[in-house]
Amino acid sequence: MIETLVGTPEFEQNNHREQEKKFLPIFPERLAELRHNALPIEQYYLSHPSESFSLRFRETFKDGELYYVAALKDRGVITATGLDRLEVEVPITAKTYNYYNTDEAAILRKLRAEVNRNVVVDFYDDGYVQVESEDPIAWTHFSERHGTAFVDVTGEHIADNEWRAHLAYRREHEGKETLVPDEDLNSKLIAYEILSHHRKTPIMTVQISGRSGSGKSTIVREIQRELESYGLNSIVISTDDYHRGAAWLRANNNGQEWTEWDHPIVYDTEAMADDISKLHAGYKVPRRQIDFSDCSPIITGEITPADVVIIEGIYALSPDFYQFDTLQYSVPTPLATCIGRRLLRDIKERPEFADPAKSLRYMLEQAEPMWREQVSAL
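Residues numbered from 1 in each chain as written. Predicted model: local features only at pLDDT ≥ 70, side-chain atom pairs only at ≥ 80, totals over all residues. Heavy atoms only, no water.

(A) The overall build of the protein chain, seen in detail. Check the secondary structure of the protein chain and you find 10 helices and 16 strands. Overall, the C-alpha framework of the protein chain stretches about 80 × 50 × 35 Å when taken along its three principal axes. Each of the 378 residues in the protein chain was classed as buried or not, and the buried ones make up 48%. Pairs at least 24 apart in sequence give 68% of the contacts found in the protein chain among residues at least 6 apart. (Helix = DSSP H or I, 4+ residues; strand = E, 2+ residues; numbered from the N terminus. Buried < 20%, exposed > 50% of the residue type's maximum accessible area, 1.4 Å probe, protein only. Contact = heavy atoms within 4.5 Å.)

As structure tokens, then:
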């Protein structure tokens, strides 16, 4: 399923959209003069064309300085005026750019001539030339001035920079692809594995981890339905429910406002492990939640012991849970898709707080590095 943010009023007012057309010049040599003033661009992708979202990092050189930006885009829709899609772009540091620029990244290099603020001409390393326009009037003026015919390639693979970056990667690696998403978790197989292990223990514990936006809640619901078909009842305990709250975090930060919301200290996994131990012993425990209106922990009821305890969350694989005999699973949804889903969720559920650009920078600079640090420690 392709996820987009088209038509969301809250999003439209933030103007995080682009609408562009792309053209292939039939006589590219007639644009050669523009190459003299073109500036170098290196950009790489941490997404695969099969994903619902693309994630691009770009390095540009202008006025003697290097500039870095990251951009998240959805696949958009083709309209009469061009490809209309989400575009959230934020400046980043050289450190962030280099952090994500690994051997797996699909890299693209080109020279870009900015004819005006709405028309650019790109000269690629392989000799391909392409013109992008974000305004029909500016495009008409440009095409008439340069006196050459153009083919509209908007929406075609050849015009997509991410696709071209992956094509270049395959050419350089003997046809091998990069960043191909792993297969989704199979709820039927997981439920069967749980059933097999449950025969050896009265209460089974299962850990489901993954990035924010990876689809953990969805796979957990599917697993629960499958377990019901086997006659097993289950309960879900999320690490999100053991959020310590803004007041605790502020006090722990010498009275300063807390900003690192994906740091492991945010979640009291030790208290969570203690509650799970009580469930294993047959005792009820308080049902915790976080009240997002003031970011404070609250008690909303009780959790009763069940055949299967499912631990879900970004820190579901915490060392505090090593004491339990568990089955462990990690939802393999890639970074770009997770970020896109998280932005979409924030805009739909909490539009008054949603700031896509701020969220994108936070996820790249804080959330993802903390996630990778957790995974590398396992």
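(B) Region of the structure containing the sheet that holds strand β11 (residues 204-209). Across the sheet, four strands lie side by side as β12-β15-β11-β16; this open sheet has parallel pairing. The sheet terminates laterally at β12 (234-238) and β16 (326-330), the two strands that pair on one side only. Across the sheet, the mean angle from the axis of one strand to that of its neighbour is 20°, orientation sign disregarded. Relative to strand β15 (residues 308-313), β11 is paired through six bridges, and the arrangement is parallel. (Pairing = 2+ DSSP bridges. Axes fitted to C-alpha atoms, helices over the stretch in contact; angles between N-to-C directions.)

(C) How the structure looks around a nonpolar patch on the surface. Taken together, the side chains of Ile26, Phe27 and Val151 define a hydrophobic patch exposed on the protein surface, amounting to about 230 Å² of accessible area. By the element assignment, Ile26 lies in the loop between β1 (17-25) and β2 (39-45). (Patch = residues over 30% accessible without salt bridge, like charges linked within 9 Å, V, L, I, M, F, W, Y side chains within 5 Å. Areas by Shrake-Rupley, 256 points an atom, 1.4 Å probe, with all protein chains shown as cover. Salt bridge = Lys/Arg side-chain N within 4 Å of Asp/Glu carboxyl O.)

(D) Broad picture of the pattern of salt bridges. The final tally for this structure, using the stated rule, is 26 salt bridges. With a closest N to O distance of 3.6 Å, Glu257 and Arg250 form a salt bridge. Through salt bridges with shared partners, one network takes in Glu18, Glu20, Lys22, Lys73, Arg85, Glu87, Lys110, Arg112, Asp122 and Glu132.

(E) A look at the pairing of strand β14 (residues 296-303). Where strand β13 (residues 285-291) lies against β14, seven bridges are found, and the strand directions are antiparallel. Across the sheet, Arg288 pairs through a bridge with Ile299, a residue of β14. In textbook terms, the turn of a hairpin is the stretch between consecutive antiparallel strands, and for β13 and β14 this stretch comprises four residues, one of which, Cys295, has a positive phi near 55°.

(F) Expanded view of the packing of helix α9 (residues 335-349) against helix α10 (residues 356-377). Taken N-terminus to C-terminus, the directions of α9 and α10 make an angle of 135°; their axes are 11 Å apart at the nearest point. As judged from the angle between their axes, α9 and α10 are oblique. Remark: the crossing between α9 and α10 carries right-handed chirality. Contact residues: Leu335, Ile339, Arg342, Leu343, Asp346 and Ile347 in α9; Pro356, Ser359, Leu360, Tyr362, Met363, Leu364, Ala367, Glu368 and Arg372 in α10. When its residues are assigned to classes, the contact of α9 with α10 shows 10 nonpolar, one polar and four charged. (Parallel < 35°, antiparallel > 145°, perpendicular 65-115°, else oblique. Left-handed = near helix turned anticlockwise from the far one by under 90°. Nonpolar A, V, L, I, M, F, W, Y, C, P; charged D, E, K, R; others polar.)

(G) Inspection of the packing of aromatic side chains at higher detail. Under the defined criterion, the tally for this structure stands at 11 aromatic pairs. With a centroid separation of 3.8 Å and an interplanar angle of 5°, the aromatic rings of Phe23 and Trp139 are classed as stacked. Of this pair, Phe23 sits in strand β1 while Trp139 sits in helix α3 (residues 136-146); the two residues are 116 residues apart in sequence, bridging distant segments of the chain. Neither Phe23 nor Trp139 differs from the other in exposure class; each is buried. An aromatic cluster of at least three residues, connected via ring pairs, comprises Tyr44, Phe57, Tyr68, Tyr97, Tyr99 and Tyr100. (Phe/Tyr/Trp six-rings, centres within 6.5 Å; stacked < 30°, edge-to-face > 60°.)

(H) Structural context of the layout of surface pockets. Space inside the second largest pocket adds up to approximately 950 Å³. Lining the second largest pocket are 39 residues; nearest its centre among them are Ile41, Arg58, Arg112, Glu114 and Val120. For the lining of the second largest pocket, the elements supplying multiple residues, two or more each, are β1, β2, β3 (53-62), β4 (65-74), β6 (82-91), β7 (106-116), β8 (119-124) and α4 (161-172). With six residues, β3 is the largest single contributor of residues to the lining of the second largest pocket. A breakdown of the residues in the lining of the second largest pocket according to their chemical character gives 13 nonpolar, seven polar and 19 charged. (1 Å grid on protein atoms, 1.4 Å probe; cavity = no way out; pocket = protein on both sides within 12 Å on 5 of 7 lines; lining within 4 Å. Points joined across faces, edges and corners; volume = space filled by probe spheres on them.)

(I) Geometry of the nonpolar core. Within the largest apolar cluster, 25 residues are counted, with the highest numbers of intra-cluster contacts made by Leu46, Leu55, Phe57, Leu72, Ile339, Leu360 and Leu364. When residues of this core are traced back to their parent elements, those giving at least two are β3, β4, β6, α2 (94-100), α9 and α10. The leading source of residues in this core is α10, at six residues. When near neighbours in sequence (up to four residues on either side) are disregarded, Leu46 contacts Glu51, Leu55, Phe57, Tyr100, Ala105, Leu179, Leu335, Ala336 and Arg372. (Core = buried A, V, L, I, M, F, W, Y, C linked by side-chain atoms within 4.5 Å.)

(J) Fine view of α3. Listed as buried for α3 are Ala138, Trp139, Phe142, Ser143 and His146. The arc enclosing the buried residues of α3, seen along the axis, measures out at 125°, which places them on a common side. Along α3, the residues that are exposed and aim more than 90 degrees away from the buried face are Pro136, Ile137, His141, Glu144 and Arg145. In this structure, the buried residues of α3 make contact with β1, β7, β8, β9 (129-133) and β10 (150-152). With a side-chain oxygen positioned 3.1 Å from the backbone nitrogen of Ile137, the residue opening α3 is Asp135. Of the residues trailing α3, Gly147 is marked for its positive phi of about 50°. (Arc of directions from axis to C-beta. Polar contact = N/O pair within 3.5 Å; in protein donor to acceptor, adjacent residues only side chain to side chain.)

(K) Molecular detail of empty space enclosed by the protein. A full pass over the atoms with the stated rule returns one cavity of 30 Å³ or more. Lining the largest cavity are 15 residues, and of these Arg211, Ser212, Asp262, Ala367 and Glu368 sit closest to its centre. Secondary-structure elements contributing two or more residues to the lining of the largest cavity are α9 and α10. No other element matches the six residues that α10 contributes to the lining of the largest cavity.

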